[in-house]
Amino acid sequence: MKQRLLLTITAALLALTSWAAVTIDGINYVLDSSTMTASVTYTYNSYSGSITIPSSVTYSGATYSVTSIGLRTFEGCSGLTSITIPNSVTSIGQSAFEDCTGLTSINIPNSVTSIENYVFDGCKGLTSITIPNSVTSIGYGAFRGCSGLTSITIPNSVTSIGGGAFRGCSGLTSITIPNSVTSIGDRTFYHCTGLTSITIPNSVTSIGAYAFGECSGLTSITIPNSVTSIGDGAFGECSGLTSITIPNSVTSIGEYSFTSCTSLTSITIPNSVTSIEKDAFSYCYGLTSITIPNSVTSIGQSAFNYCKGLTSITIPNSVTSIGAYAFEFCTGLTSINIPNSVTSIGDYAFYGCKGLTSITIPNSVTSIENYAFDGCSGLTSITIPNSVT
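Residues numbered from 1 in each chain as written. Predicted model: local features only at pLDDT ≥ 70, side-chain atom pairs only at ≥ 80, totals over all residues. Heavy atoms only, no water.

### Some details on the state of the cysteines
Item 1. Overall, the coordinates contain zero disulfides when judged by the stated rule.
Item 2. Cys100 forms no disulfide, and the closest cysteine sulfur to it belongs to Cys123, at a distance of 5.2 Å.
Item 3. Residue Cys100 is classed as buried on the basis of its relative accessible area of 0%.
Item 4. Cys169 takes part in no disulfide bond, and the closest cysteine sulfur, belonging to Cys146, lies 5.1 Å away.
Item 5. On the basis of relative accessible area, Cys169 is assigned to the buried category, the value being 0%. (Disulfide = S-S within 2.5 Å. Buried < 20%, exposed > 50% of the residue type's maximum accessible area, 1.4 Å probe, protein only.)

### A few points about the environment of Phe143
Item 1. Tracing the backbone through its elements, the reader meets Phe143 in the loop between strand 12 (137–138) and strand 13 (151–153).
Item 2. Counting along the chain gives 23 residues from Phe143 to Phe166, while the straight-line C-alpha distance between them is 5.0 Å.
Item 3. Every residue in contact with Phe143, bar those within four places of it in the chain, is listed here: Ile115, Phe120, Ile129, Ile131, Ile138, Leu149, Ile152, Ala165, Phe166, Arg167 and Cys169. (Helix = DSSP H or I, 4+ residues; strand = E, 2+ residues; numbered from the N terminus. Contact = heavy atoms within 4.5 Å.)

### What to know about the packing of aromatic side chains
Any two aromatic rings considered together are summarised by their centre-to-centre distance and by the angle between their planes.
Item 1. Within this structure, the stated rule accounts for 22 aromatic pairs.
Item 2. Consider the rings of Phe74 and Phe97, whose centres lie 5.1 Å apart with planes at 5°: the pair is stacked. Here Phe74, found in the loop between strand 6 (62–69) and strand 7 (80–84), pairs with Phe97, found in the loop between strand 8 (91–92) and strand 9 (105–107); they are 23 residues apart in sequence, far enough to count as distant.
Item 3. Judged by its relative accessible area of 0%, Phe74 falls in the buried class.
Item 4. Residue classification places Phe97 among the buried residues on the basis of a relative accessible area of 0%.
Item 5. Pairing Phe329 with Tyr351 gives two aromatic rings, centres 5.4 Å apart and planes at 85°, and the pair type is edge-to-face. (Phe/Tyr/Trp six-rings, centres within 6.5 Å; stacked < 30°, edge-to-face > 60°.)

### What to know about the environment of Leu218
Item 1. As for its placement among the helices and strands, Leu218 is situated in the loop between strand 18 (206–207) and strand 19 (220–222).
Item 2. Given a relative accessible area of 0%, Leu218 falls into the buried group.
Item 3. Other than its neighbours up to four places away in sequence, Leu218 contacts Leu195, Thr196, Ser197, Ile198, Gly240 and Leu241.

### Comments concerning the nonpolar core
Item 1. Ranked by internal contacts, the top residues of the largest apolar core, which has 118 residues, are Phe74, Phe97, Phe120 and Phe143.
Item 2. Going through the elements one at a time, strand 1 (19–24), strand 2 (27–32), strand 3 (37–40), strand 6 and strand 7 are the ones with two or more residues in this core.
Item 3. When sequence neighbours within four positions are dropped, the list of residues in contact with Phe74 reads Val40, Tyr47, Ile51, Ile53, Ile69, Leu80, Ile83, Ala96, Phe97, Glu98 and Cys100. (Core = buried A, V, L, I, M, F, W, Y, C linked by side-chain atoms within 4.5 Å.)

### Description of the pairing of strand 6
Item 1. Where strand 3 lies against strand 6, four bridges are found, and the strand directions are parallel. Its bridge partner being in strand 6, Ser39 is matched across the sheet by Ser68.
Item 2. Pairing of strand 5 (residues 56–59) with strand 6 involves four bridges; the strand directions are antiparallel. Bridge pairing in strand 6 links Ser56 to Ser65.
Item 3. Between the end of strand 5 and the start of strand 6, which pair antiparallel, lie two residues, with Ser60 showing a positive phi angle near 50°.
Item 4. Summarising the sheet, strand 6 and strand 8 pair through two bridges and their orientation is parallel. For Ser68, the partnering residue across the bridge sits in strand 8 and is Ser91. (Pairing = 2+ DSSP bridges.)

Here's what the structure looks like:
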């Protein structure tokens, strides 16, 4: 009796099942009889050569519309050289073509609305791709490591570009970001060493952390007035960058924002900026002079350390503290005026400034931290005010 009941329940469950996994003409599908749709599905490294996905498939006398390419479907299929995706497909799953190193080009149909995370991650052989106007978002790491990609046009329909979307696309020389995009995510173009120029539209309000970090081929960039924040390391190690203008809309320069921009000779800091964070301009060897506006109240740790070409700097009356290592090893610096607003000079603040011959410390300063002027071998005299405790 119990056995008969179990068989009856099993049969009922099977009857209720609305999907089936099948292989048709060498392509694996999951068929859903409740919606009469089919999704191309994963089988480890089973796809190679040229593949055409049909708009529909027929199984057991029923026709199913192919509407999606599932999660990791073609992942690691290094022998896959080309693929045709029909207009019936509306979604392409995460990592669908990840590490398809033999894939050279792909056309995404107008039916697709988003490029999910890591979809083309590691497709080193990919040289061109067409993103249709139907796409509104490009996911995290979508084209990461596509080193063969030389150019890409992002359509006006796209409003968001995920972090690391084009990270490591070393062959990419130019890219146009449309006016529809409002933010550039963290590490979006990180280590795009071939990128020589980029236009950031007025729609962009924020540039994420390390967004253009290590873009060594980038020589100039214009940041529009719409941008209010520049993330940590946003342009760090852009060794080819010679000049940059920061707009009045920006209020702070983040940590490591321009660190190791060794070719940077000039920069304009607007009156809107209130703080210069840690290592913001460290190792900018080519920087010869800089004017800090009256709006700045603090100069962060190591903000200008190792700026060996810096010969002069003006610190405004608005600054109350000079952080540790702020001007460490600025060996070209010959003089500096510390305003009456400054109350503290941090550890190693002017350490190794061999070219510094004189300095006046104002009465406002109450503390001079350890080794603040150590290694200033050119310094012949210094007066420490009574205010220092």
